[in-house]
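These are the residues of each chain, in order.
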Amino acid sequence: MTQHGRDQLHANWPDFYTPDQEATLPSEGLSLWKAEGDYGRPECYHDPFVQKLVLSPEYGGDGKKIGVCATKIAPIAVFPAHWAPNAVARYDQKEFPEHYRGGVFIAFHGSWDRASYAQGGYNVVFQALEGDHGSGQCEIFADGFGGAAKSPGEAEYRPSGLAVGPDGSLYVSDHVRGRIYRIDYRGGADFNAANVTPCPSTTATPGSPVQEAAKPPEGTHPYACAAATNNLLVPQGTTKEMVVLGERIYRGGVGGAGCTGCHGGDGQGTPLGPKVTEHKWLWSDGSYEGIKKTIIEGVPEPMEYRSPMPPMGGAQLTPDQASALAAYIWSLSHSGAPHRN
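The model shown is predicted, which means the values in this text are computed figures rather than measured ones. (Residues numbered from 1 in each chain as written. Predicted model: local features only at pLDDT ≥ 70, side-chain atom pairs only at ≥ 80, totals over all residues. Heavy atoms only, no water.)

Colleague: Would you mind going over the nonpolar core with me for this structure?
Modeller: Side chains of a nonpolar character, in soluble globular proteins, are inclined to be buried together. Ranked by internal contacts, the top residues of the largest apolar core, which has 24 residues, are Tyr 250 and Leu 325. Among the elements of the structure, helix H4 (240-250), helix H6 (288-297) and helix H7 (319-333) are those that each provide at least two residues to this core. Here Leu 325 is in contact with Gly 246, Ile 249, Tyr 250, Cys 259, Ile 295 and Leu 317, once residues within four sequence places are set aside. Grouped together as the second largest cluster of nonpolar side chains are 15 residues, Tyr 91, Ala 107, Val 124 and Val 172 included. (Core = buried A, V, L, I, M, F, W, Y, C linked by side-chain atoms within 4.5 Å. Buried < 20%, exposed > 50% of the residue type's maximum accessible area, 1.4 Å probe, protein only. Helix = DSSP H or I, 4+ residues; strand = E, 2+ residues; numbered from the N terminus. Contact = heavy atoms within 4.5 Å.)

Below is the structure:
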């Protein structure tokens, strides 16, 4: 069985975790099901850097303590953080090369909590098994589902379900458009296991922060995003420069965290957070000051979503950055109104 690891360690516990640890902790896991087995959830999470279950901060952890987690059942194989394993299927047929027989395929739905770094997953991987344990590093079996943008709101397809057919084919279902892929093998005896693509290391650095915006029509000029933001409206009491800065904060380029994970790269919302592009406000009157107040104070008990929003969205924003972010959110929600300066 697979388990999604937890999210938002830095967002909710910035004293214990850095922004890059938000993207690299915890591992996603493959576990062997045991009757009445205790796998540590929610007290523990798997830290790939120490290769152990670690105590969660809600239960007295600080990113280092092991505590009761020493007695829990650890995963038999681990994968990069936040990739979101939605399905697992053991390959028990003979159509695929012997390399795959007896191992498992895993469909990774794709991450959101790796912002402001590049997202990951949106693929199908293969994990070899040896008895009741994982054997070696996993392999990227099928990729490219996300298309040009690996993000929850923009991915073209997101693997969600898996099944092995009686003819030995592997079936992969897609969350976004309902497509089902059928994968069979036609390579004869020429298969060479040395040519497979290994999964990234679970202890690899997240890379450099990225800006998740779609490329504007005018191309990739350094000020292209600013040019696109020029078309947005400016709330009274702010400036166009504040809106431009707010867009960078929203996408994770400034401030150490991004809003795209919950509200989408285009502001159209996700299952974790509402749209910010329309005139529906539950926690304020939708004014610039009201939006800023919500950003600063957070939303501890959402009315329509399961995940709370911590103060400043979990980022350590300065007052000026919070004001700029509020200006950008206001601009998104008023894009159809007459210009105001």
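Next comes the rest of the description.
Colleague: When you look at the sheet that holds strand S7 (residues 104-108) in this model, what are you seeing that I'm missing?
Modeller: Strands belonging to one sheet form pairs held by backbone hydrogen bonds; the direction of such a pair is parallel or antiparallel. Read from one edge to the other, the open sheet built from five strands follows the order S6-S7-S8-S11-S15, with strand pairing classed as antiparallel. Each edge of the sheet is formed by a strand with only one pairing partner; in this case those strands are strand S6 (85-90) and strand S15 (197-198). In this structure, strand S11 (residues 139-142) lies alongside S15, joined through two bridges in antiparallel fashion. Residue pairing in the sheet places Ile 140 in a bridge with Thr 197 of S15. (Pairing = 2+ DSSP bridges.)

Colleague: Looking at this model, I keep getting lost on the pattern of salt bridges. Mind explaining?
Modeller: Following the criterion strictly, the structure yields ten salt bridges and no others. In this structure, Asp 184 and Arg 186 form a salt bridge, with 3.3 Å as the shortest nitrogen-oxygen distance. Connected through shared salt-bridge partners, Asp 167, Arg 182, Asp 184 and Arg 186 make up one network. (Salt bridge = Lys/Arg side-chain N within 4 Å of Asp/Glu carboxyl O.)

Colleague: What is the right way to read the side chain of Gln 127 from this model?
Modeller: In this structure, Gln 127 sits in strand S8 (residues 123-127). A distance of 3.5 Å separates the side chain of Gln 127 from the backbone oxygen of Ser 135, its partner in a polar contact. Engagement of the side chain of Gln 127 in a polar contact is seen with the backbone oxygen of Gly 136, the distance being 3.1 Å. Discounting chain neighbours no more than four positions away, the residues touching Gln 127 are Leu 30, Ala 77, Phe 79, Gly 103, Val 104, Gly 134, Ser 135, Gly 136, Gln 137 and Cys 138. (Polar contact = N/O pair within 3.5 Å; in protein donor to acceptor, adjacent residues only side chain to side chain.)

Colleague: It is not clear to me how the environment of Arg 90 should be interpreted in this structure. Could you clarify?
Modeller: Secondary-structure assignment places Arg 90 in strand S6. The sequence separation of Arg 90 and Ala 315 amounts to 225 residues, and the corresponding C-alpha distance is 40 Å.

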